[in-house]
Amino acid sequence: MKFQEQKSSGQEKDEASIELLRQLTRKLCSSDISSARLAAFNLSWMQEDGLAILTETLLGNFSRTTKKAAAYGLRSMKGRMKKMASEVLEQGLKHRDRTTKAACVKALFLMKGGTPKKGGSHSKPK
C-alpha cells in the first residue's frame, strides 16, 4: 500500500488554521475550566495568533474562568513568546478589573518559580 501525500494550497491551510483558532477561542470562553485551560494551552503554541487571542481575552470583558484560563495560556508560552507573554501579564497588573489583576499576579508568581499553596482554608495544621 502506497501512501499518497495530498498537497494543499496555502489558502486551504490558512482557512484551516483560522477555523482552528475560532474553535479554540470558543473553547477558551467555555464555562468549563478544564476545556478552557486546554484551549489556552493549545493557543500558547500558536505564536503571535495565540498571544493576540489570549491577550484580548485576559484584558477584555470576559468571565473569570476565561481570564484565568488565558493567564494559564500566557504563562505556558515558550521560546521567544515568553517575554511578550510576561509583558502582557505585567500590563494586566495595572488593569482596573480585579479578576484580571488576580489572575496576572498568580501567573507571574508561578512563572517566577513560586509554588502554589496546597490545601485550603478548611485544612487545619496538625
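Throughout what follows, the structure given in this document is the object of discussion. Quick caveat: nothing in here was measured; it's all calculated off a predicted structure.

### Details of the overall build of the protein
Now for step 1: Broken down by element type, the protein carries six helices and zero strands.
Now for step 2: Ordered by position from the N terminus, the helices and strands of the protein form the series α-α-α-α-α-α.
Now for step 3: Expressed as a percentage of its 126 residues, the buried residues of the protein come to 32%.
Now for step 4: The long-range fraction of contacts in the protein, counting pairs at least 24 apart against all pairs at least 6 apart in sequence, stands at 53%.
Now for step 5: Here the protein has roughly 9,300 Å² of accessible surface; of this, 52% comes from carbon and sulfur atoms.

### Comments concerning the nonpolar core
Now for step 1: Of all hydrophobic cores here, the largest spans 24 residues; its most connected members are Leu 28, Leu 43, Leu 51, Leu 54, Leu 58, Leu 74 and Leu 89.
Now for step 2: Secondary-structure elements contributing two or more residues to this core are helix H1 (10-28), helix H2 (33-44), helix H3 (47-59), helix H4 (64-75), helix H5 (81-93) and helix H6 (98-111).
Now for step 3: Excluding residues that lie within four positions of it along the chain, Leu 28 makes contacts with Ala 36, Ala 39, Ala 40, Leu 43, Ile 53, Leu 54, Thr 57, Thr 66, Ala 69 and Ala 70.

### What to know about the layout of surface pockets
Now for step 1: Roughly 270 Å³ of volume is contained in the largest pocket.
Now for step 2: The wall of the largest pocket is formed by Arg 37, Arg 64, Lys 68, Ala 71, Tyr 72, Arg 75, Thr 99, Ala 102, Ala 103, Lys 106, Ala 107 and Leu 110.
Now for step 3: Those elements that place two or more of their residues in the lining of the largest pocket are H4 and H6.
Now for step 4: The leading source of residues in the lining of the largest pocket is H6, at six residues.
Now for step 5: Per-class residue counts for the lining of the largest pocket are six nonpolar, one polar and five charged.

### Concerning the packing of H5 against H6
Now for step 1: Contact geometry for H5 and H6: axes closest at 8 Å, N-to-C directions at 140°. As far as their axial angle goes, H6 and H5 are oblique. Helix-helix and strand crossings are classified by hand; for H5 and H6 the assignment is left-handed. Seen from H5, the contacting residues are Lys 82, Ser 86, Leu 89, Glu 90, Gly 92 and Leu 93; seen from H6, they are Thr 100, Lys 101, Cys 104, Val 105, Ala 107, Leu 108 and Met 111.
Now for step 2: Across the contact of H5 with H6, the residue classes break down as seven nonpolar, three polar and three charged.

### Examining unusual backbone geometry
Now for step 1: Despite not being glycine, Gln 47 shows a phi value in the positive range, around 50°.
Now for step 2: If you trace the backbone, Gln 47 turns up in helix H3.

### A look at the pattern of salt bridges
Now for step 1: For the structure on display, the rule yields three salt bridges.
Now for step 2: The residue Arg 80 makes a salt bridge to Glu 48 at a minimum N-O spacing of 2.8 Å. Separated by 32 residues along the polypeptide, Arg 80 in the loop between H4 and H5 and Glu 48 in helix H3 bring together distant segments of the chain.
Now for step 3: Exposure remark for Arg 80: the relative accessible area of 52% places this residue in the exposed category.
Now for step 4: Linking Lys 67 and Asp 97 is a salt bridge whose minimum nitrogen-to-oxygen distance equals 3.4 Å. With a gap of 30 residues between them, Lys 67 in helix H4 and Asp 97 in the loop between H5 and H6 connect regions that are remote in the sequence.
Now for step 5: We classify Asp 97 as partly exposed; its relative accessible area is 25%.

The rules behind each value
- All chains use their own residue numbering, which begins from 1 and follows the written sequence.
- Local features in this predicted model are restricted to residues of pLDDT 70 or higher, and side-chain atom pairs are both shown and tallied only at a pLDDT of 80 or more, whereas totals for entire chains, interfaces and linings draw on every residue.
- As a rule here, side-chain values come from all non-hydrogen atoms in the structure, and water together with hydrogens is ignored.
- Runs of H or I in DSSP of at least four residues are treated as helices and runs of E of at least two as strands, each being numbered from the N terminus.
- Summary of the burial criterion: residues with accessible area below 20% of their type's maximum are buried, those above 50% are exposed, and those between are partly exposed, where the area comes from a 1.4 Å probe applied to protein chains only.
- Contacts between residues were defined by any pair of non-hydrogen atoms, one from each residue, lying within 4.5 Å.
- Note on areas: these come from Shrake-Rupley sampling with a 1.4 Å probe, and a residue is covered only by the protein chains present in the view.
- Definition used in this section: a nonpolar core is a set of buried Ala, Val, Leu, Ile, Met, Phe, Trp, Tyr and Cys residues joined via side-chain atoms within 4.5 Å.
- Of the two site types, the cavity is a set of points on a 1 Å grid over the protein atoms alone where a 1.4 Å probe fits but cannot get out, and the pocket is an open set with protein on both sides within 12 Å along at least five of seven lines, each lined by residues with an atom within 4 Å of a point.
- Grid points are joined across faces, edges and corners, and a volume is the space filled by probe spheres set on the points.
- Residues were grouped as follows: Ala, Val, Leu, Ile, Met, Phe, Trp, Tyr, Cys and Pro as nonpolar; Asp, Glu, Lys and Arg as charged; and all remaining residues, including Gly, as polar.
- Simply put, an axis is a line fit to the C-alpha atoms, just over the touching stretch for a helix, and the angle between two N-to-C directions goes from 0 to 180 degrees.
- Small angles under 35 degrees read as roughly parallel and large ones over 145 as roughly antiparallel, with 65 to 115 read as roughly perpendicular and the rest as oblique.
- Crossings are assigned a handedness: left-handed for a near helix turned anticlockwise from the far helix by less than a right angle, right-handed for a clockwise turn.
- Throughout this description, the term salt bridge denotes a Lys or Arg side-chain nitrogen within 4 Å of a carboxyl oxygen of Asp or Glu.

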